[in-house]
Amino acid sequence: MTTTRVDASRQTLVFSQNKGLPCVLYWGPSLPFSEDLDALAEATRSGITGGMLDAVPPLSILPEAARSFPGQPGLIAYQGGAPLYPSFQATGERTFRCDATGLTLTLEITAEDGVITLAHRLTADTPITLHHLAAPVLPGPQSGDILHFSGRWIGEFQANRTPWQPGMLKREARTGRSGHEHPPLAFFLEDGATNTAGTAFGMHLAYPGGHVMIAEELPDGRRQIQWGIATGTQATGTEFHSADLLLTVSDKGLNGCAVNFQRHIRDTIVPWPDKSRPRPVHYNCWEAVYFDHDLDTLKDIATRAASLGAERFVLDDGWFGKRDDDTSSLGDWQIDPRKWPEGLTPLIDHVHSEGMRFGLWVEPEMVNLNSDLARAYPDWILGPKDQIEGRHQRLLNLALSTVQDFLFDVLDSILKSHDIDYLKWDHNRLSPIPDAAQASGVLALLQRLRTAHPAVEIETCASGGGRIDAGILRQTHRVWLSDSNDAIERLRIQHDAALLLPSAVTGSHVGPRQCHTSGRIIPMEFRAWVAAQRHMGFEMDPRELTDEEAETLTRITTWWKDNRHWTMRADIHRLDSHDPAITAELQLSEDKQRFVVFAGQSETSNQILPRPLRLTALEPEARYEVTLLNADEVRHPARGNTALQSGPLTLTGATLMTLGLRLPWRFPQTMWVLEGRKLDAP
Ligand code: DGJ
């Protein structure tokens, strides 16, 4: 047996090379380059005892039933109704062939920005029906837990921690999107791993159409982790791809994985039209006017948004067909002459005259039965006629080239005839049938549109965060993380989403004073600081703002603009807060010379004295000056000052990371913001 290794910063993968499929012998923190890989391979060899087969079936990159693998095989396929049991032989370093079944497998590997990407490509000599094709399969760590995610509308990225146990933990998204319910992200934590310490393994499937993850402990105690496209969702054919599996490892806690994913998505995945263009302060009119479009009102709103600091204005749902509510017109992408007698140009011109860019909402994959399109082309609609609708709508069948051409022509014509450089691309219903062709269809459509309009940026939205993954982000530039503009909920959602997403792509908006999805009334300072943690935007009706609220929002927006040149490229490190009422993070600049800490107090703490907040990712020996930026936002009768309220503190990184900082006591629904600067060595 020979071996080969792949390295990305802080992680190493070691594969065995033999006559059959390779096995991953090691996946973990970087190994020394001096490591003797043959000795390592020897060290992985297991013995045999009673009750076992006479050899240990290999846990290869695609575990094979034909080799008596006792768990979930990596490939489940049929031909003419009969199951296939391939047994691959190596034909090259990364190519494998099974003559008996006519299958060829290729292993794809790339390593960039601390992330290793693996995939399988499978070709069949004659058509096969694929049930399951795993991306290259990895062994799971022998200690610790699995951190995996669930969620719902206005409650995205909920973390679940599950111990390994015999049998499978299976997470499958079968509704045509990466999904609120099962974001394709998991971390495997060694015992004791936290945000800031310990060993963590991160995995993310870059695929927007539904996936499966299986974390299985085999009867012999070995553990395997498989990811693939949702089972049984691909048409019979001869060419298959597993989707790209992104891997990261950290020996500095979950943050090491998070930062690698954040950087990789920002710097390698997202196809920025112009990397040097600052992220513009965003305004979206959805929660201000909903479907009630009126030119003068929207011009007034645009003017007010601009004076608060907005630099992009997005006209949301309601501008086309006869779209007065969500029961009709999806598919009829003609401007509604009742609402827009002179078209959209007067609003676009006004927005531009206020110094803002203009964006438009679309939901191209969908159709209402109450639309001219559905009446003209009922056979373009996917799924059974008597399907249960979602938001009164259905999916167009994007596998049809006529549908692709129609949608391209409609969008191309809107973009050609208007000065629009941003689309908010929505997707509000689940697929009526599990069908991977829809995901291929939307990716192809987005690619074609971006090629024709390379300057246009696109926001991926699916009832908020229902389609967030590196697959869709290869064609888009921003995610609408959640329809919850409730700052308390948003603080938590964006904290957990930072395990994958960088600030530059994560939209976060200042919502109405009384939140439309929770009914909470939340102070402007808190709403604005939560939005300022990511790609900042507004979504409230600016006409509701008091002078004081407008002044606060303008001040915090100005801070965001003054700092975005580094915060939009900063690493987000989640802090291990020892008070569950506090959600805190440290954003560290690329050059590591400065940082900002956001410590959000969602509810009242159990103890009277705030627990010290330990920072992370600083140089222990370096000295940092730390300033409480918003000390003047204290609105309660606290007696006595903490040191931070009296002026900056200068401490070493070691002290900041071990003793931590004592923050002033405060009400719930408030955010402390601390700025830190590394001082020159004396
Ligand atoms: C759902 C989105 O998440 C909202 O932000 C908004 O765009 C509506 N759709 C419009 O119908």
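First, a word on what this report is: a plain description of the structure on this page. (Residues numbered from 1 in each chain as written. Predicted model: local features only at pLDDT ≥ 70, side-chain atom pairs only at ≥ 80, totals over all residues. Heavy atoms only, no water.)

### Looking at unusual backbone geometry
The backbone of alanine 243 shows a phi angle near 80 degrees, a positive value even though the residue is not glycine. With respect to the element layout, alanine 243 can be found in the loop between strand S18 (237-241) and strand S19 (244-250). Unlike most non-glycine residues, glutamine 669 shows phi in positive territory, near 65 degrees. With respect to the secondary-structure elements, glutamine 669 resides in the loop between helix H13 (653-658) and strand S35 (670-678). (Helix = DSSP H or I, 4+ residues; strand = E, 2+ residues; numbered from the N terminus.)

### A look at the state of the cysteines
Within this structure, the stated rule accounts for 0 disulfides. Considering cysteine sulfurs only, cysteine 98 is the nearest to cysteine 23, which forms no disulfide, with 17 Å between them. By relative accessible area, which is 13% here, cysteine 23 ends up buried. (Disulfide = S-S within 2.5 Å. Buried < 20%, exposed > 50% of the residue type's maximum accessible area, 1.4 Å probe, protein only.)

### Focus on the packing of aromatic side chains
By the definition in use, this model includes 21 aromatic pairs. Between the aromatic rings of tryptophan 286 and tyrosine 290, the centroid separation amounts to 4.8 Å while the plane-to-plane angle is 75 degrees, which identifies the pairing as edge-to-face. Note on tryptophan 286: relative accessible area 16%, which makes it buried. A network of ring pairs unites the aromatic residues Phe149, Phe157, Phe187 and Phe261 as a single cluster. Over the ring of tyrosine 422 we find arginine 312; its NZ or CZ atom is 3.8 Å from the centre of that ring. Looking at arginine 490, its charged tip hangs above the ring of tryptophan 480, at a distance of 4.5 Å from the centre. (Phe/Tyr/Trp six-rings, centres within 6.5 Å; stacked < 30°, edge-to-face > 60°. Lys NZ or Arg CZ within 6 Å of the ring centre and 35° of its normal.)

### Some remarks on helix H11 (residues 547-567)
The first and last C-alpha atoms of H11 sit 28 Å apart over 21 residues, in line with the 30 Å expected at 1.5 Å per residue. Taking the largest bend as the criterion, H11 deviates by roughly 35 degrees, centred on lysine 561. Taken as a whole, H11 has its buried residues at Glu549, Thr552, Leu553, Ile556, Thr557, Trp559, Trp560, Asn563, Arg564, Trp566 and Thr567. (Expected span 1.5 Å × (residues − 1). Bend = angle between axes of the 7 residues up to and from the residue.)

### A look at the pairing of strand S21 (residues 312-315)
Going residue by residue along S21, you find Arg312 and Val314 tucked away on one face and Phe313 and Leu315 tucked away on the opposite face as well. Looking at chain direction, S21 and strand S22 (residues 357-362) are connected through 4 bridges and run parallel. Residue pairing for S22: arginine 312 is matched across the bridge by arginine 357. (Pairing = 2+ DSSP bridges.)

### As for the nonpolar core
Among the nonpolar cores identified, the biggest contains 114 residues, and Phe313, Leu315 and Trp319 are the most heavily contacted of them. Setting aside chain neighbours within four positions, we find phenylalanine 313 in contact with Tyr283, Cys285, Leu298, Ile301, Ala302, Leu347, Val351, Met356, Arg357, Phe358 and Gly359. Grouped together as the second largest cluster of nonpolar side chains are 54 residues, Val6, Ala77, Leu118 and Ala134 included. (Core = buried A, V, L, I, M, F, W, Y, C linked by side-chain atoms within 4.5 Å. Contact = heavy atoms within 4.5 Å.)

### A look at helix H9 (residues 487-497)
Counting along an α-helix, one turn takes 3.6 residues, and residues three or four places apart therefore face a common direction. With respect to burial, H9 is a largely interior element, 9 of its 11 residues being buried. The set of residues buried in H9 consists of Ala487, Ile488, Arg490, Leu491, Ile493, Gln494, His495, Asp496 and Ala497. The N-terminus of H9 is capped by aspartate 486, whose side-chain oxygen sits 2.8 Å from the backbone nitrogen of isoleucine 488. (Polar contact = N/O pair within 3.5 Å; in protein donor to acceptor, adjacent residues only side chain to side chain.)

### Overview of the packing of H9 against helix H10 (residues 524-532)
At a closest axis distance of 9 Å, the pairing of H9 and H10 adopts a crossing angle of 20 degrees. Put simply, H9 runs roughly parallel to H10. When you trace H9 past H10, the crossing you get is left-handed. Contacts between H9 and H10 involve Ala487, Ile488, Arg490, Leu491 and Gln494 from the first element and Phe526, Arg527 and Val530 from the second. Partitioning the contact of H9 with H10 into residue classes produces 5 nonpolar, 1 polar and 2 charged. (Axes fitted to C-alpha atoms, helices over the stretch in contact; angles between N-to-C directions. Parallel < 35°, antiparallel > 145°, perpendicular 65-115°, else oblique. Left-handed = near helix turned anticlockwise from the far one by under 90°. Nonpolar A, V, L, I, M, F, W, Y, C, P; charged D, E, K, R; others polar.)

In short, geometric facts, not functional conclusions.
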